[in-house]
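Chain residues, written in single-letter form:
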Amino acid sequence: MEELAKVRRYTALKEFEIKETPDGKQVTFSIKFVKKSGEVVFYPRAVAAGLRFNRSDHRMRGVLPVDKDNQAAGHVTPVHIDSIIEWNGKKIKL
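Figured I'd write up the structure that's included with this text. Values in this document were obtained by computation on a predicted structure and should not be read as measured data.

### Side note on the sheet that holds strand 1 (residues 6-8)
Pairing in this open sheet of seven strands is mixed, and the strands run 1-7-6-2-3-4-5 from one edge to the other. The open sheet has two edge strands with one neighbour each: strand 1 and strand 5 (77-80). On average, each strand axis in the sheet is tilted by 45 degrees relative to the strand beside it, whichever way the strands run. Lying over the sheet, helix 1 (residues 9-16) contacts strand 1, strand 2 (29-34), strand 3 (40-49), strand 4 (60-65), strand 6 (84-87) and strand 7 (90-93), oriented at roughly 75 degrees with respect to strand 1.

Put into structure tokens, the structure is as follows:
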């Protein structure tokens, strides 16, 4: 079995901050993370979304799953940056 490529969390968060391409289209990514309940969640296609609180103080980011046409396919999910396991098919390392 092949081992996944690795990416630093800092690099993944910098990529997360890029919300649009120069021509105005939303940047999509795949993400796998662990919820507070311990459930592992995988979104094969998602976009960055806002949260109703200061994300830096709480070390969280908002993720919105989308379909192939970039239409919302769920609701905004707050994700703690320490609970991210994979980013765009690459394993997160600190």
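### Structural notes on unusual backbone geometry
At N70, a residue that is not glycine, the phi angle is positive and equals roughly 60 degrees. As for its position among the elements, N70 is in the loop between strand 4 and strand 5.

### Regarding the packing of aromatic side chains
The tally for this structure, following the rule as stated, stands at four aromatic pairs. A ring pair is formed by F29 and W87, whose centres lie 4.4 Å apart and whose planes are at 25 degrees; its orientation type is stacked. In this pair, F29 is assigned in strand 2 and W87 in strand 6, connecting sequence segments 58 residues apart. Accessibility assignment for this pair places F29 and W87 in one class, buried. Here F33 and Y43 contribute two aromatic rings whose centre-to-centre distance is 5.7 Å and whose plane-to-plane angle is 70 degrees, an arrangement assigned as edge-to-face. Separated by 10 residues along the polypeptide, F33 in strand 2 and Y43 in strand 3 bring together distant segments of the chain. Here the aromatic cluster, defined as three or more aromatic residues joined through ring pairs, consists of F16, F29 and W87.

### Observations concerning the environment of S37
Examined against the element boundaries, S37 turns out to sit in the loop between strand 2 and strand 3. Between the C-alpha atoms of S37 and L4, which are 33 residues apart in sequence, the distance is 25 Å.

### Description of the pattern of salt bridges
For side chains of opposite charge, pairing can occur when their charged atoms come near one another. In total, this model carries five salt bridges according to the counting rule given. Its salt-bridge partner being E17, residue R61 comes within 3.5 Å of it at the nearest N-O pair. Taken together, the residues span a long stretch of sequence, with R61 in strand 4 and E17 in the loop between helix 1 and strand 2 at a distance of 44 residues. With its nearest N and O atoms 3.7 Å apart, the salt bridge here joins E39 to K35. Exposure remark for K35: the relative accessible area of 35% places this residue in the partly exposed category. Among the charged side chains, a network of salt bridges with common partners joins R9, R59 and D82.

Calculation rules
Residues numbered from 1 in each chain as written. Predicted model: local features only at pLDDT ≥ 70, side-chain atom pairs only at ≥ 80, totals over all residues. Heavy atoms only, no water. Pairing = 2+ DSSP bridges. Helix = DSSP H or I, 4+ residues; strand = E, 2+ residues; numbered from the N terminus. Axes fitted to C-alpha atoms, helices over the stretch in contact; angles between N-to-C directions. Contact = heavy atoms within 4.5 Å. Phe/Tyr/Trp six-rings, centres within 6.5 Å; stacked < 30°, edge-to-face > 60°. Buried < 20%, exposed > 50% of the residue type's maximum accessible area, 1.4 Å probe, protein only. Salt bridge = Lys/Arg side-chain N within 4 Å of Asp/Glu carboxyl O.

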